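# Architecture and fold: a report
Each chain is listed here by its residues.
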Amino acid sequence: MSIVIVSGGRLEQSALAFFKEEQVVIGVDGGLKFCYENYIPVNYAMGDFDTIEPEILDYYKKQEKTQIRAYPPEKDITDSKAALELAVQLIKQQGKVRGLTGGAETSAMEIILLGGIGTRMDHTLANIGCFKYALEQQVSLKIIDSHNCMYAYDHSFTIHRKQLIYNKYLSLLAMGAEVNNLTIRGLKYQVENITLPLLSDWGVSNELLEEKAEIIFSHGILLVIESRD
């Protein structure tokens, strides 16, 4: 099961490549306009709807397959975070139907956030902060735009070339706190058993030279950013 959240940040036509037939689409406030203009069916329309044209919202209110979930503007959560919480709830419900339990199964069910990067840096940083929540819930979250693909790990992992969306640069940043006992193998710049400080530039603009890379660490959260100019 995959879920696409369409938020109100920067959305370009390249985002259409991430929509497939068998997935759930959650349109978040201004992101509904992109769905409307590109004839994308929406399963859930949610937000405080302060940045969407009334006629577009009225259109989705008339769609039988679209559930409307309205929130007041004054709340302790962003629209994107509310959409992520809904996506996690849907994934866990699907897991119960299939009899799935544990991180290995739930993490295979992917959430993609489009429009999560935009002109509002506060919203962009808050969306990046959602990776911690996704890790706690044991679901896979990716934030993607036309130049970046971001995801996070709280344990050692392997990156394969074939799984990359953008294979120009691969950056590793410590998120929330320093990352301890970090070893990197298979990238252009390799390290052995170092401590990576919070948001340090040490991990910026690395490159995958081999078919796969091993990233080993004992504690912390690594933000992975695939990017291109």
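Residues numbered from 1 in each chain as written. Predicted model: local features only at pLDDT ≥ 70, side-chain atom pairs only at ≥ 80, totals over all residues. Heavy atoms only, no water.

## Considerations on the sheet that holds strand S10 (residues 179–185)
To be explicit about the condition: Paired strands, as defined in this entry, are two strands with at least two bridges between them according to DSSP. Each helix is a run of H or I in the DSSP string that is no shorter than four residues. Each strand is a run of E no shorter than two, and both are numbered from the N terminus. Only the stretch in contact is used when a helix axis is fitted, and all axes are lines through C-alpha atoms; the angle between N-to-C directions ranges over 0 to 180 degrees.
Taken in spatial order, the 4 strands of this open sheet run S8-S12-S10-S11, and their pairing is antiparallel. Pairing within the sheet leaves two strands with one partner each, and these edge strands are strand S8 (157–160) and strand S11 (191–196). On average, each strand axis in the sheet is tilted by 25° relative to the strand beside it, whichever way the strands run. Where S10 meets strand S12 (residues 212–216), 3 bridges bridge the pair, whose relative direction is antiparallel. Residue pairing for S12: arginine 185 is matched across the bridge by glutamate 214.

## Considerations on the pattern of salt bridges
Definition in use: The salt bridge definition used is simple: a Lys or Arg side-chain nitrogen within 4 Å of an Asp or Glu carboxyl oxygen. Under the scheme applied here, a residue whose accessible area is under 20% of the maximum for its type counts as buried, over 50% as exposed, and between as partly exposed, the area being computed with a 1.4 Å probe on protein chains only.
Tallied over the entire structure, the rule returns 10 salt bridges. Put simply, lysine 188 and glutamate 207 hold a salt bridge, and the shortest N to O gap is 3.9 Å. Taken together, the residues span a long stretch of sequence, with lysine 188 in the loop between S10 and S11 and glutamate 207 in the loop between S11 and S12 at a distance of 19 residues. Residue lysine 188 is classed as partly exposed on the basis of its relative accessible area, which comes to 41%. Using a relative accessible area of 24% as the deciding quantity, one classes glutamate 207 as partly exposed.

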